[in-house]
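# Summary of structural features
These are the residues of each chain, in order.
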2 protein chains.
Amino acid sequence: MSVIRKADAWRFDPPVPVMAGAGVVGPKEGEGPLGGEMDHICPSLHLERDSFEKAEQQMQEMAAELALRKAGLSAADIDLMLGGDLLNQIMPTCLTARKLARPFCGMFTACATSAQALSLASLAVSSGAVLHALVTAGSHTCTAERQFRYPNEYGSQKPPYSQQTATAAGALVIGGSRDTGVCITAATVGRVVDAKVTDPFQLSAAMAPAFADTLRRHLDAMGRTPGDYDLILSGDLGRHGVLLARDLLQRDGIDLSAERHRDCGLLLFGDTDSVFAGGSGAGCSASVVFGPMVEALRQGKYRRILLVATGALLSPQSNQQGESIPGIAHAVELEGGAANG
Amino acid sequence: MSVIRKADAWRFDPPVPVMAGAGVVGPKEGEGPLGGEMDHICPSLHLERDSFEKAEQQMQEMAAELALRKAGLSAADIDLMLGGDLLNQIMPTCLTARKLARPFCGMFTACATSAQALSLASLAVSSGAVLHALVTAGSHTCTAERQFRYPNEYGSQKPPYSQQTATAAGALVIGGSRDTGVCITAATVGRVVDAKVTDPFQLSAAMAPAFADTLRRHLDAMGRTPGDYDLILSGDLGRHGVLLARDLLQRDGIDLSAERHRDCGLLLFGDTDSVFAGGSGAGCSASVVFGPMVEALRQGKYRRILLVATGALLSPQSNQQGESIPGIAHAVELEGGAANG
């Protein structure tokens, strides 16, 4: 195995096998268009735990367990776990790592965490440093509301361009030597891009420039165009962010057609305004991609998908201290079917 | 370059060159025994910024700039930045990454972040995925007090076994093809170990078992004994934690003599009880190792150092919800002088 450096992109040669993935979602997400393709739908937001934070942890543990079971592995087979979430000190992930009791590195770039963890995990497998790696990411609408926004109980109004944090977790097991029909072929780690957005409800505007930057850099490095992908998946730009991102790319001469471009935040909840402009959260892209999308690749429905997970970098404190909200996006390329030779 | 997997350890063959490092500390740390060997001592805790959080960010930026300058590189030469801190959503590091505007992955395992970032950065360089990587970590006593403990103004009493978060940042530039006299030879990523400590002032007891676990795993994997190192540096176990760690290792038949074992938290502040049981914080091991220790290796004062940075995994919320405080520790082996052949 080896990693080939192409400008800022990493190409994995041979590609890194995806052994199995799992998506676990909350009740509202379960009613969305991808509900039937998720590995588990939690019937309630609290999962019978005594705090939403513990419920979030449990969802991430559940995703990890399901992915391991589908891969035919136990926790002991995992050489490295990389994961993260949105909560302070990424506690749900740290406690998931406690249960697995295997080497662990905690990750954080907000909602882009899934792709960050997957990029580094693919690097670790491709370099030969580890045989099997586990990637996890999760989020919970109630824990995010409690931490980032006004307390729910206040019933404060939200603007229509705001997004709802997904109650969701995803896990992916990669590595091994078996051809599984799905693999990771390349990754591009993103740069922090600051569009000087200061409204913590307008995160799509903070993330769209980072999405455009990373997509452009990945295409340039790999010598590809959007037409080379069956699907380009933005992390969670939402209804307004996808238009903004396409417009930004158009100015750079990159035509990202609506047919080829999907947003995990819109795929998860479908065409509804009950989540305002769409879903978001570290668990959003993780559940959508590690669950249904990996399965679609396995079934040959798609041949090549580019995930560009997006994150908005803020804490309530940084925002209250007048700091702007920069964005970041990381790209990971997945292939299915005959591509995994 | 390549990475050789030895049980849970990664051996870098050839070793990864350390181009330059820098340690930046606050005024009290500057009065400590290592003050004269730091790259910069900040005269005040607020660095003339209007919040301690912004001061923390500035220290990390300063460390990155100093390390880059010493390495003879500019930000544009950096292919990957890995870093983290203790604050919610690791904002000081995210904003440092904004300034550098290079590919960035955010890291978090509390005070073990320095060694986590260095392990993964060494892997990235060794695999050939990147040519130059920058590792940063920082912390600030006032931001940590504000976030994790009672507000300072309350003047609440602390127990003698508590530790003071260091106001410090460190940065290290690794990679390139030049023999610099200092290199990274191996790393072992730690597991989350839970000793069921629940007192947020007793973090050394939470971290000591993780330190012992990682040290033992690293020695086993590499076929080494403590005698093979000139210095084994624990991250920040403090006065009580070092005794506990030595005792735990003794039970496993590993004799970690006091002569060979030093603690970054004790080295930074020296023999004083004004910081209770010693220093801690993500910037503690980062400033001590990336600053003075890298320089000592370069000068041939030491031939081989093992950094085992330790972290206690908690948020005020996880603690208040009755969760225990697990620990983690990551090991990185550095060599100086002729070792970097």
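Presented here is an overview of the structure given in this document. Small disclaimer: the values here were computed from a predicted structure and weren't measured.

## Some words on the interface of chain A and chain B
- Across the contact, 60 residues belong to chain A and 60 residues belong to chain B.
- The junction of chain A with chain B conceals about 4,700 Å² of combined surface from both sides, 58% of it contributed by carbon and sulfur atoms.
- Looking at the side of chain A facing chain B, the largest losses of area belong to R5(A), Q89(A) and R98(A), adding up to 14% of the total buried there.
- Connecting chain A to chain B are eight salt bridges.
- Listing elements by their share of the side of chain A that touches chain B, those giving two or more residues are β1 (2-6), α2 (52-71), α3 (91-100), β5 (104-106), α4 (113-126), α5 (141-148), α10 (316-320) and β14 (327-336) of chain A.
- With five residues, α3(A) is the single largest residue contributor to the side of chain A that touches chain B.
- Of the residues assigned to the side of chain A that touches chain B, the class counts are 30 nonpolar, 17 polar and 13 charged.

## Comments concerning the relation of the copies chain A and chain B
- When chain A is fitted to chain B, the best match, at an RMSD of 0.0 Å, comes from turning it 180° and sliding it 0.0 Å along the axis. Seen this way, the second copy is the image of the first under a two-fold rotation axis.
- Interface overlap between copies: 100% of the residues of chain A at the interface are likewise at the interface in chain B, consistent with a symmetric, same-surface contact.

## With respect to α5(A)
Residue and element names in this part refer to chain A.
- Along α5, six of the eight residues are buried, which leaves the element largely enclosed by surrounding structure.
- Listed as buried for α5 are T141, C142, T143, A144, E145 and Q147.
- Lining the buried residues of α5 we find α2, β6 (132-139), β7 (164-165) and α10.

## Looking at the nonpolar core
- Core analysis: the biggest nonpolar cluster contains 184 residues, and W10(A), I174(A), W10(B) and I174(B) have the highest contact counts within it.
- For I174(A), the residues in contact, after removing those within four places along its chain, are V16(A), P17(A), V18(A), M19(A), L118(A), A121(A), S122(A), V125(A), L131(A), H132(A), A133(A) and I184(A).

## Overview of unusual backbone geometry
Residues and elements named next belong to chain A.
- In this structure, P14 follows D13 across a cis peptide bond, with omega equal to 0°.
- Note that P14 resides in strand β2 (residues 9-25).
- You will see that I90, though not glycine, has its phi angle at about 30°, which is positive.
- With a relative accessible area of 2%, I90 lands in the buried category.
- With a phi close to 55°, A101 is a non-glycine residue in the positive phi region.
- Looking at the secondary structure, you find A101 in the loop between α3 and β5.
- For A101, a relative accessible area of 32% translates into the label partly exposed.

Rules and cut-offs
- Residues numbered from 1 in each chain as written.
- Chains lettered and ligands numbered in written order.
- Predicted model: local features only at pLDDT ≥ 70, side-chain atom pairs only at ≥ 80, totals over all residues.
- Heavy atoms only, no water.
- Contact = heavy atoms within 4.5 Å.
- Buried area = accessible area lost by both parts, 1.4 Å probe.
- Salt bridge = Lys/Arg side-chain N within 4 Å of Asp/Glu carboxyl O.
- Helix = DSSP H or I, 4+ residues; strand = E, 2+ residues; numbered from the N terminus.
- Nonpolar A, V, L, I, M, F, W, Y, C, P; charged D, E, K, R; others polar.
- Least-squares fit on C-alpha atoms with pLDDT ≥ 70 in both.
- Buried < 20%, exposed > 50% of the residue type's maximum accessible area, 1.4 Å probe, protein only.
- Core = buried A, V, L, I, M, F, W, Y, C linked by side-chain atoms within 4.5 Å.

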